[in-house]
Amino acid sequence: MPKPRAKDGRKNLIGVQLKILRHEAGMSTRDLATPLQLNGVDIDRNVISRIENNKRYVTDIEIREIAKIFHITYEELIDG
C-alpha cells in the first residue's frame, strides 16, 4: 500500500516549518538531532535534512519530540 502524500506531493507537512524553526533558533541539523536522540528518537542530521527537503515521512512520535524541543504545539509545527 502506498504511503499518503500531501496534495502537492510532499511526504510530510512539517519540512518547511522545521527548517524555519531550526534556522531561527540558530541550530544546525546536528544541534537538533542531539536532543532528539537523547529523548529516544532514532534520528540523525541526515534524517533531519531529508525531512526538511520533504524526502522522508515523519512519525507522530518524531513530531511530538520536535514540537517539545521548540516549545510549540503539534499544530504549530504542522500548520505553521
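Residues numbered from 1 in each chain as written. Predicted model: local features only at pLDDT ≥ 70, side-chain atom pairs only at ≥ 80, totals over all residues. Heavy atoms only, no water.

(A) Layout of the environment of G9. Within the element layout of this structure, G9 appears in the segment before α1 (15-24). Exposure remark for G9: the relative accessible area of 31% places this residue in the partly exposed category. Each C-alpha atom, one on G9 and one on D44, is 24 Å from the other, the two residues being 35 residues apart in sequence. (Helix = DSSP H or I, 4+ residues; strand = E, 2+ residues; numbered from the N terminus. Buried < 20%, exposed > 50% of the residue type's maximum accessible area, 1.4 Å probe, protein only.)

(B) Representation of the packing of α1 against helix α3 (residues 45-52) within the structure. Orientation of α1 relative to α3, taken along the N-to-C sense of each, is 125°, at an axis distance of 7 Å. It follows from the interaxial angle that α1 and α3 lie oblique. The segment α1 lies against α3, with G15, V16, L18, K19 and R22 engaging I48, I51 and E52. Residue composition of the contact of α1 with α3, by class: 4 nonpolar, 1 polar and 3 charged. (Axes fitted to C-alpha atoms, helices over the stretch in contact; angles between N-to-C directions. Parallel < 35°, antiparallel > 145°, perpendicular 65-115°, else oblique. Contact = heavy atoms within 4.5 Å. Nonpolar A, V, L, I, M, F, W, Y, C, P; charged D, E, K, R; others polar.)

(C) Looking closely at the confidence of the model for the protein. Taken over all residues, the pLDDT of the protein has a mean of 93, while the share at 70 or more is 98%. Helix α5 (residues 74-79) is the least confidently modelled element of the protein, averaging 92 in pLDDT, while helix α2 (residues 29-38) averages 97, the highest of any element. (pLDDT = per-residue confidence, 0-100.)

(D) How the structure looks around a nonpolar patch on the surface. A surface patch of nonpolar side chains, about 260 Å² in accessible area, is lined by L13, Y74 and I78. You can see Y74 is positioned in helix α5. The partly exposed category is assigned to Y74, whose relative accessible area is 43%. (Patch = residues over 30% accessible without salt bridge, like charges linked within 9 Å, V, L, I, M, F, W, Y side chains within 5 Å. Areas by Shrake-Rupley, 256 points an atom, 1.4 Å probe, with all protein chains shown as cover. Salt bridge = Lys/Arg side-chain N within 4 Å of Asp/Glu carboxyl O.)

(E) Spotlight on the environment of K55. Position of K55 among the secondary structure elements: in the loop between α3 and α4 (60-69). In this structure the C-alpha to C-alpha distance between K55 and N39, which are 16 residues apart in sequence, comes to 23 Å. Setting aside residues up to four positions removed in sequence, K55 forms contacts with K11 and R50.

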